[in-house]
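Fold and contact review
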Amino acid sequence: MSGCIKWDSDKPLKLSKIDAGDTGGLTEEQARAKFLTVSEELSELQALMYGAGSHSALAVLQAMDTGGKDGTIRNVMGAVNPQGCQITSFKVPTPIEQAHDFLWRIHEAAPRKGNIGIFNRSHYEDVLVARVHNLVPKPAWRERYKHIANFEELLADNSTIIIKFFLYISKDEQESRLRKRETDPEKSWKLSVADWHERSLWDDYMKAYEEAIEKTSSPHAPWYIVPANHKWYRDLIVSQAIVERLRPYRKQWHKRLVDVGDEMKAELASSGVNGVSTPSNGNGKAKGKDKAKAKNAEQPEAA
Ligand code: ATP
Ligand code: MG
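Before going into details, it helps to say that this report is about the structure given with it. Residues take numbers from 1 onward in each chain, read along the sequence in its written order. Whichever chain is written first becomes A and whichever ligand is written first becomes 1, with later ones labelled in order. Two thresholds apply to this predicted model, a pLDDT of at least 70 for residue-level local features and 80 or more for giving and counting side-chain atom pairs, whereas whole-chain, interface and lining totals are computed over all residues.

**Some details on the overall build of the protein chain**
Secondary structure elements are taken from DSSP: a helix is a run of H or I of four residues or more, a strand is a run of E of two residues or more, and numbering for both begins at the N terminus. On a plain count of helices and strands, the protein chain comes out with twelve helices and six strands. Counts of 20 or more other C-beta atoms within 10 Å of a residue's own C-beta define buried residues, counts of 12 or fewer define exposed ones, and intermediate counts define partly exposed ones; C-beta atoms are placed from the backbone. Here the protein chain, with 303 residues, has 34% of them falling under the buried criterion.

**As for the pairing of strand β6 (residues 223-227)**
Among the five residues in β6, five count as buried, and that is most of the element. Taking every second residue as pointing to the same face, both faces of β6 are buried, with Trp 223, Ile 225 and Pro 227 on one and Tyr 224 and Val 226 on the other. Between any two strands, at least two bridges found by DSSP are needed for them to pair. Relative to β6, strand β1 (residues 5-7) runs antiparallel, the two being bridged by three bridges. Looking at the pairing, Trp 7 lines up with Trp 223 of β6. Judged from the five bridges that link them, strand β5 (residues 160-168) and β6 form a sheet pairing that is parallel.

**A short note on the packing of helix α1 (residues 28-52) against helix α10 (residues 231-246)**
The axes are straight lines fitted to the C-alpha atoms, using for helices just the contacting stretch, and the angles between their N-to-C directions are given from 0 to 180°. The interhelical angle for the contact between α1 and α10, taken along N-to-C directions, is 35°, at an axis separation of 9 Å. For the pair α1 and α10, the crossing hand works out as left-handed. In this structure, α1 contributes Glu 28, Ala 31, Arg 32, Lys 34, Phe 35, Val 38, Ser 39, Glu 41, Leu 42, Leu 45 and Met 49 to the contact, and α10 contributes Trp 232, Tyr 233, Asp 235, Leu 236, Ser 239, Gln 240, Ile 242, Val 243 and Leu 246. Ten residues, namely Ala, Val, Leu, Ile, Met, Phe, Trp, Tyr, Cys and Pro, are considered nonpolar, four, namely Asp, Glu, Lys and Arg, are considered charged, and the remaining ones, Gly among them, are considered polar. Looking at the contact of α1 with α10, its residues break down into twelve nonpolar, three polar and five charged. When the near helix sits turned anticlockwise from the far one by under a right angle, the crossing is termed left-handed; a clockwise turn instead gives a right-handed crossing. A residue pair is marked as a contact if its C-beta atoms, positioned from the backbone, fall within 7 Å.

**Considerations on unusual backbone geometry**
Of note, Arg 121 is a non-glycine position whose phi angle comes to about 70°, a positive value. For Arg 121, the location among the structural elements is in the loop between β4 (116-120) and α5 (129-132). One non-glycine residue with positive phi stands out, namely Asn 134, at about 50°. Along the chain, Asn 134 falls in the loop between α5 and α6 (138-157).

**Here we look at the site of ligand 1**
Near, for a residue, is defined by distance from a backbone-placed C-beta atom to a molecule or strand, with 6 Å as the limit that must not be exceeded. Neighbouring ligand 1 are 13 residues; Phe 90, Lys 91, Val 92, Glu 125 and Val 129 lie closest to it. When grouped by side-chain class, the residues that make up the shell around ligand 1 number six nonpolar, one polar and six charged.

**Thoughts on the nonpolar core**
By definition, a nonpolar core groups buried Ala, Val, Leu, Ile, Met, Phe, Trp, Tyr and Cys residues that are joined through C-beta atoms within 7 Å. Core analysis: the biggest nonpolar cluster contains 57 residues, and Ala 59, Phe 165, Phe 166, Leu 167 and Val 226 have the highest contact counts within it. Here the element with the most residues in this core is α10; it accounts for eight residues. Reported domain spans reflect what an automatic or database domain assignment gives. No fewer than three residues from each of domain 1 (5-249) and domain 2 (251-297) sit in this core. When neighbours within four sequence positions are excluded, Phe 166 is seen to be in contact with Gln 62, Ala 63, Tyr 209, Ile 213, Trp 223, Ile 225 and Val 226.

**Brief notes about helix α11 (residues 250-271)**
Across its 22 residues, α11 extends 31 Å between first and last C-alpha, which sits within 8% of the 32 Å expected from 1.5 Å per residue. Those residues of α11 that sit buried are Trp 253, Arg 256, Leu 257, Asp 259, Val 260 and Asp 262. After α11 finishes, the residue Gly 272 shows a positive phi value of roughly 80°. Take the number of residues in a helix, subtract one, and multiply by 1.5 Å to get its expected span.

**Re the packing of helix α2 (residues 69-77) against α10**
Taken N-terminus to C-terminus, the directions of α2 and α10 make an angle of 60°; their axes are 10 Å apart at the nearest point. Compared by their axis directions, α2 and α10 come out oblique. For the crossing formed where α2 meets α10, the hand is right-handed. Between α2, through Gly 71, Thr 72, Asn 75 and Val 76, and α10, the contact on the second element is made entirely by Lys 231, Arg 234, Asp 235, Val 238 and Ser 239. Residue composition of the contact of α2 with α10, grouped by class: two nonpolar, four polar and three charged. Should an angle lie under 35 degrees it is considered roughly parallel, over 145 roughly antiparallel, and from 65 to 115 roughly perpendicular; all remaining angles are considered oblique.

**As for the pairing of strand β2 (residues 56-63)**
Taking burial as the measure, the eight residues of β2 include eight buried ones, the bulk of the element. Because side chains alternate across β2, one face comprises the buried residues Ser 56, Leu 58, Val 60 and Gln 62, and the other comprises Ala 57, Ala 59, Leu 61 and Ala 63, equally buried. Strand direction decides the pairing type here: β2 and β5, joined by eight bridges, are parallel. Across the sheet, residue Leu 58 finds its bridge partner in β5, namely Ile 162.

**Some details on the environment of Val 60**
Tracing the chain through its elements places Val 60 in strand β2. Once you skip the residues sitting within four places of it in the chain, Val 60 turns out to touch Phe 119, Ser 122, Tyr 124, Lys 164 and Phe 165.

**Details of the sheet that holds β5**
Whenever strands of a sheet pair, they do so through backbone hydrogen bonds, lying parallel or antiparallel. Spatially, β1-β6-β5-β2-β4-β3 is the arrangement adopted by the six strands of the open sheet, whose pairing is mixed. In the strand order of this sheet, the two ends are held by β1 and β3 (85-89), each with one partner. In this sheet, neighbouring strand axes are inclined to one another by 20° on average, regardless of whether the strands run parallel or antiparallel. Taken strand by strand, α2 contacts β2, β3, β4 and β5, and its axis lies near 160° from that of β4.

**Let's talk about the environment of Leu 246**
One can find Leu 246 in helix α10. On the basis of neighbour count, Leu 246 is assigned to the buried category, with 23 C-beta atoms found within 10 Å. Contact partners of Leu 246, with chain neighbours within four places excluded, come to Leu 45, Met 49, Ala 57 and Ile 161.

This is the structure we're talking about:
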């Protein structure tokens with residue numbers, strides 16, 4: 001297998017068959033050049049989404065320790081206006097979070113319309129670490145796949161464009177990244193005994209990832225398995241996948257944004273406070289606020 005894998009198969013997922021060092025045949029130079037172009041498009045799409053205010057986007061990032069979630073957020077989201085981003089890192093649940101159902105804290109962090117939300121870890125921890133460490137009984141975590149699928153369907157029905165990434169590094173790459181943290185004084189602050197302990201459970205985690213991805217990938221909330229040993233390739237793949245997911249909405253967002261702008265101009269013109277504005281082009285027709293608001297849940301023109 002090569003490149004990024006969008007998981008939409010009925011066959012069992014075997015992570016061991018995927019090459020975490022894959023670069024899709026690109027050199028670092030080529031990938032970096034492409035990344036710049038894709039980043040520009042991402043920035044443009046985010047601005048349209050923000051202005052239209054009809055949809056939100058949610059990117060879920062999961063990875064083993066050192067897998068590159070932080071770097072991906074920094075590099076990929078570095079392209080977009082921070083005002084339109086909501087980044088949430090999910091750690092061990094606090095006592096108050098533990099006193100609720102596992103999706104309680106997640107739902108609260110879901111991005112508002114117009115925004116891109118990034119989950120740095122997510123509700124998937126509740127079928128990953130919770131399973132590997134037996135934090136809840138097996139029947140409880142098994143039920144969670146269904147709850148997750150229903151929850152994501154609810155978000156999608158509320159105009160959230162979901163995309164889920166597993167940044168897949170090899171076990172050897174993880175070891176070299178952990179060792180680098182020991183030798184690089186600027187990285188040592190990230191060292192953690194827990195990382196080495198979790199590493200010893202690598203195979204259990206891979207099994208848990210395989211099942212989570214198989215059971216919760218859907219057309220409205222697809223999983224992408226991203227070969228992540230090479231950071232420059234990982235960044236390109238993640239930004240490309242987000243752009244491909246948002247691109248079908250471009251026309252719709254643009255139209256809505258122009259419509260709302262024309263409405264505002266018409267309101268201004270009729271208010272008498274500032275004389276001259278009229279709808280300026282054929283794209284948008286001022287037809288009243290209600291019409292613009294009713295378009296909230298429109299689907300893209302091409303999937
Ligand atoms: P980094 O190490 O790069 O700062 P991180 O995401 O690993 O990022 P940590 O503070 O090291 O952050 O770890 C967060 C920990 O919280 C992880 O071990 C993760 O498994 C754990 N965690 C997150 N969600 C849950 C959950 N629902 N139940 C139990 N543990 C969780
Ligand atoms: Mg950590």
